[in-house]
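# Structural overview for review
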Amino acid sequence: MAALKYAGLEDTDSEEELPPGWEERTTRGGWVYYANHLEEKTQWEHPKSGKRKRVAGGLPYGWEQETDENGQVYFVDHINKRTTYLDPRLAFTVEDNPVKPTTRQKYDGNSTAMEILQGRDLSGKVVIITGANSGIGFETAKSLALHGAHVILACRNASRGNDAVQRILVEWHKAKVEAMTLDLASLQSVQHFAEAFKSKNLPLHILICNAAVFGVPWHLTEDDLESTFQVNHLGHFYLVQLLEDVLRQSSPARVVVVSSESHRFTEIKDSSGKLDFSLLSPSKKDYWAMLAYNRSKLCNILFSNELNRRLSPHGVTSNSVHPGNMIYSSIHRNWWVYTLLFTLARPFTKSM
C-alpha cells in the first residue's frame with residue numbers, strides 16, 4: 001500500500017481508472033500509450049494494470065483523423081461539428097494479446113449496417129445499388145458511402161435520386177455518391193444505364209440488386225412483360241449480364257440480390273414438373289399481385305445461385321439475402337391493404 005501511495009495510485013478503485021496526473025492517448029497507428037504530466041514521461045503499459053492496449057476497429061462514421069502544425073494527432077467529428085484530441089475509439093480498446101474469444105454469432109436481427117461496417121475502410125470500392133433513393137436501398141447506400149465507398153444510386157426517378165445523394169452529403173460532405181437513371185421496367189433503360197456506367201471507366205466491386213415493386217395492379221411494360229416480373233427479376237438479370245465483364249475485371253467482386261422469405265410460398269413449374277413460362281409473366285386473368293411477387297423472388301434466388309456457380313471461379317461471388325419479415329419501408333405503397341397491414345405490424349418489426 002505504501003508503494004501504491006507513493007506512486008499516486010491509492011485513490012482509484014478500478015484497475016482501469018487512471019491515477020491523477022495521467023492521460024490516455026493513442027498513436028496514429030491506434031496503439032494506446034499513457035502520459036504522466038507530473039513526471040513528464042510516457043509509457044506503453046497502463047500505470048495500474050500493466051497491460052498494453054490498442055484501439056479496436058476504425059473511427060466511427062463521420063470522424064476523421066488529422067494532424068496539427070505540431071505533429072499531434074487530433075480528431076474531427078463532422079456530424080457534430082467539433083474537434084478533439086481524445087481518440088473516440090478509446091471506448092473500444094482491446095488488450096495487446098487478448099485471449100481468443102469463443103466462436104459465437106457476431107451479428108443478429110438487431111444489428112445495423114453501420115454496426116456491421118464499423119472499422120471497415122471501403123475507399124476505392126465502387127458500388128451500384130438499384131432503388132437506392134429510399135428504404136433498404138438508401139440505408140445501404142448511405143452506410144457504404146460513409147465508410148468510403150464510391151456509391152452509385154441507380155434510381156428510376158432522377159429527382160429523388162439526387163435528393164438521396166444530398167441527404168448523404170449532409171451527413172458527410174466528403175462522401176462519394178452520385179445518382180444515375182435506371183428504369184428496370186424498360187430493358188432499353190437498363191442498356192443505356194450499363195453503357196453510361198461503362199463510359200465512366202470505373203471498376204465495379206459490388207452490385208446490389210435491391211429495387212422491387214410489390215402489390216401493384218397488373219400491367220405490361222414497354223417490353224410486353226408483366227411489370228412485377230420484369231422490375232423485380234428480369235431487369236436485374238439483364239443488368240448483371242451487361243455488367244458481367246466489368247465485375248470480372250474488378251474481381252474480387254460480388255453481386256447481392258435482395259430476395260424474400262416469401263419465395264417459399266409459390267411454384268413456377270407445371271404439373272409435369274417443367275418450368276411454366278406462363279407463370280412468370282401471367283395474363284391479366286391469371287394475375288395475383290402477391291403470387292407475382294413471390295415468383296419474382298424465387299427467380300431471384302435461382303438466378304443468384306446459378307450466377308455464383310458460373311462466376312465464382314472468376315472471382316465474382318453472388319448471394320441472395322432476405323431483408324427481414326415485414327420490415328417497414330415504402331414497398332407497400334401501391335395498395336392500401338398492404339399499407340394497413342405493414343402499419344399494424346410496424347411496432348413488432350425491425351425499423352429501418
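Note that the structure is a prediction, hence the values are computed from the model and not measured.

With that settled, the discussion passes to the overall build of the protein chain. Within the protein chain, the secondary structure is distributed over nine helices and 14 strands. Buried residues in the protein chain amount to 41% of all 352 residues. Considering only residue pairs separated by 6 or more positions, the protein chain has 63% of its internal contacts joining residues 24 or more positions apart. With an accessible surface of roughly 19,800 Å², the protein chain has 52% of that area assigned to carbon and sulfur atoms.

Turning our eyes to something else, we now look at the side chain of Asn 210. By secondary structure assignment, the location of Asn 210 is in the loop between β12 (206-209) and α6 (227-249). What makes Asn 210 buried here is its relative accessible area of 12%. Engagement of the side chain of Asn 210 in a polar contact is seen with the backbone oxygen of Gly 131, the distance being 3.2 Å. When neighbours within four sequence positions are excluded, Asn 210 is seen to be in contact with Ile 129, Thr 130, Gly 131, Ile 136, Gly 137, His 236 and Val 258.

The next point concerns the nonpolar core. Formed by 33 residues in total, the largest nonpolar core has its most connected members in Ile 128, Phe 197, Leu 204, Leu 207, Leu 243 and Val 255. When residues in this core are grouped by element, the largest group, six residues, is from α6. Residue contacts for Phe 197: discarding those within four places in its chain leaves Val 126, Ile 128, Ile 152, Met 180, Leu 202, Pro 203, Leu 204, Leu 243 and Val 246. Core analysis: the second largest hydrophobic core is formed by 24 residues, Ala 132, Ala 141, Trp 172 and Val 177 among them.

Here we take up the UniProt feature "domain: WW" (unreviewed entry) in the protein chain. Mapped onto the present numbering, the UniProt feature "domain: WW" (unreviewed entry) falls at residues 16-49 and 57-90. End C-alpha to end C-alpha, residues 16-49 measures 7 Å, and it is 0% helix and 38% strand. Along residues 57-90, the helical share is 0% and the strand share 38%, with 10 Å between the first and last C-alpha atoms.

About the thresholds
- Residues numbered from 1 in each chain as written.
- Predicted model: local features only at pLDDT ≥ 70, side-chain atom pairs only at ≥ 80, totals over all residues.
- Heavy atoms only, no water.
- Helix = DSSP H or I, 4+ residues; strand = E, 2+ residues; numbered from the N terminus.
- Buried < 20%, exposed > 50% of the residue type's maximum accessible area, 1.4 Å probe, protein only.
- Contact = heavy atoms within 4.5 Å.
- Areas by Shrake-Rupley, 256 points an atom, 1.4 Å probe, with all protein chains shown as cover.
- Polar contact = N/O pair within 3.5 Å; in protein donor to acceptor, adjacent residues only side chain to side chain.
- Core = buried A, V, L, I, M, F, W, Y, C linked by side-chain atoms within 4.5 Å.
- UniProt positions renumbered as here; feature names shortened; annotations may be inferred.

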